[in-house]
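Structural overview for review
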Amino acid sequence: MARPRTFDEEAILDRAMVLFWRKGYEATALSDLVAELGLGRGSIYAAFGDKHQLFIRALGRYLDHQTRLLDTALDDTGPALPRLRDVLGRLLAADAASGNAGCFSVNSIAELLPHDEEVAKLARRNLRYAEEAFTAQLERAAREGELTPAVTPRQGARLLLDLVQGLQIMRKVDPDPGRAASCLDSAFALLAAGPTATAAPSADRTAMAPTAS
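Residues numbered from 1 in each chain as written. Predicted model: local features only at pLDDT ≥ 70, side-chain atom pairs only at ≥ 80, totals over all residues. Heavy atoms only, no water.

As for the overall build of the protein chain
Regarding its fold elements, the protein chain presents 10 helices and zero strands. Counting every position in the protein chain, which comprises 213 residues, the buried fraction comes to 39%. Long-range contacts, defined as pairs at least 24 residues apart, comprise 72% of the intrachain contacts of the protein chain with a sequence gap of at least 6. Within the structure as shown, the protein chain displays about 11,500 Å² of accessible surface, and the carbon and sulfur contribution to it stands at 57%. (Helix = DSSP H or I, 4+ residues; strand = E, 2+ residues; numbered from the N terminus. Buried < 20%, exposed > 50% of the residue type's maximum accessible area, 1.4 Å probe, protein only. Contact = heavy atoms within 4.5 Å. Areas by Shrake-Rupley, 256 points an atom, 1.4 Å probe, with all protein chains shown as cover.)

Okay, here's the thing in structure tokens:
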């Protein structure tokens, strides 16, 4: 009969997440996990499988935190563009609290793709979800006259998504929060409706970009 677990699995996953986030996958040895988690090797294998399976669980937990933030912060109250700007600032601030470690997801993509299909699936799922959330918010901005007609909501969402991913990399070189804030402010100034904006390209031309599956 299996012995019951005597530890908080969610707390252990949080600690593993922070360790992998700080050191990266390859640089984290099993001995590091034993020391950080306070569990023996046998307990780690029994509860989570090997190091890679534990990493996938930890990364998934991190991405779930991001998804919950989007779910709770994006809604139909108040002006759409300022609300989205605030959410992106909060996403960046949440990662900044980790020091100079950057974004766990972006770090994992840079380190392990294209060879790790499990990480790729998690990353694609998360990026698709974020793109859809941003698009929905920009569609509301368009309906309410906040969004420039020079871009479609889908184009704007992809612009913001790629900008945030790039800022996560740049912040490891230049951690000044003012840089990220200035870039976001500039992007939203371009997205805001103005008297000289021109119409966006037709949907059939912008839909040609392949979507990850």
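Once you've had a look at it, read on.
Some points on empty space enclosed by the protein
Following the criterion strictly, the structure yields two cavities of 30 Å³ or more and no others. A volume near 180 Å³ is recorded for the largest cavity. Listed by contribution, the elements that provide at least two residues to the lining of the largest cavity are helix 4 (51-73), helix 7 (117-143) and helix 8 (153-173). When residues of the lining of the largest cavity are assigned to their parent elements, the largest contribution, five residues, is made by helix 7. The residue makeup of the lining of the largest cavity, split by class, is nine nonpolar, six polar and no charged. Around the second largest cavity, the lining residues are Leu-167, Met-170, Arg-171, Asp-174, Asp-176, Arg-179 and Ala-180. Of all the secondary structure elements, the ones that give two or more residues to the lining of the second largest cavity are helix 8 and helix 9 (177-191). Residue composition of the lining of the second largest cavity, by class: three nonpolar, no polar and four charged. (1 Å grid on protein atoms, 1.4 Å probe; cavity = no way out; pocket = protein on both sides within 12 Å on 5 of 7 lines; lining within 4 Å. Points joined across faces, edges and corners; volume = space filled by probe spheres on them. Nonpolar A, V, L, I, M, F, W, Y, C, P; charged D, E, K, R; others polar.)

What about helix 2 (residues 30-37)?
Those residues of helix 2 that sit buried are Leu-30, Leu-33 and Leu-37. Summarising the axial view, the buried residues of helix 2 lie within an arc of 55 degrees, below the 170-degree limit, and thus occupy one face. Packed against the buried residues of helix 2 are helix 1 (9-23), helix 3 (41-48) and helix 4. Gly-38 lies just past helix 2 and shows a positive phi near 70 degrees. (Arc of directions from axis to C-beta.)

Brief notes about helix 3
Among all positions of helix 3, only Ile-44, Ala-47 and Phe-48 are buried. When helix 3 is viewed along its axis, its buried side chains cluster within an angular range of 80 degrees and face the same direction. What points out from helix 3, more than 90 degrees from its buried face, is the exposed set Gly-42 and Ala-46. Tucked inside the fold, the buried residues of helix 3 contact helix 1, helix 2 and helix 4. Just beyond helix 3, the residue with positive phi is Gly-49, at close to 85 degrees.

Brief notes about the environment of Gln-165
Relative to the helices and strands, Gln-165 resides in helix 8. Under the relative-accessibility criterion, Gln-165 is labelled partly exposed at 23%. In this structure, the C-alpha to C-alpha distance between Gln-165 and Ser-105, residues 60 residues apart in sequence, is 9.3 Å. The contact partners of Gln-165, leaving out residues within four places of it in the chain, are Val-106 and Leu-127.

Description of the packing of aromatic side chains
Inspection of the entire model under this criterion finds seven aromatic pairs. Note on Phe-55 and Phe-104: the rings are 5.7 Å apart at their centroids and 90 degrees apart in plane angle, and the pair reads as edge-to-face. Taken together, the residues span a long stretch of sequence, with Phe-55 in helix 4 and Phe-104 in helix 6 (residues 104-112) at a distance of 49 residues. Overall, Phe-104 belongs to the buried group, its relative accessible area being 1%. With 5.5 Å between their ring centres and 75 degrees between their planes, Tyr-62 and Phe-104 make a pair best called edge-to-face. Taken together, the positions of Tyr-62 in helix 4 and Phe-104 in helix 6 put the pair 42 residues apart, joining distant regions of the chain. For the pair shown, Tyr-62 and Phe-104 are each scored as buried. Here the aromatic residues Phe-20, Trp-21, Tyr-25, Phe-55, Tyr-62 and Phe-104 are joined through ring pairs into a cluster of three or more. (Phe/Tyr/Trp six-rings, centres within 6.5 Å; stacked < 30°, edge-to-face > 60°.)

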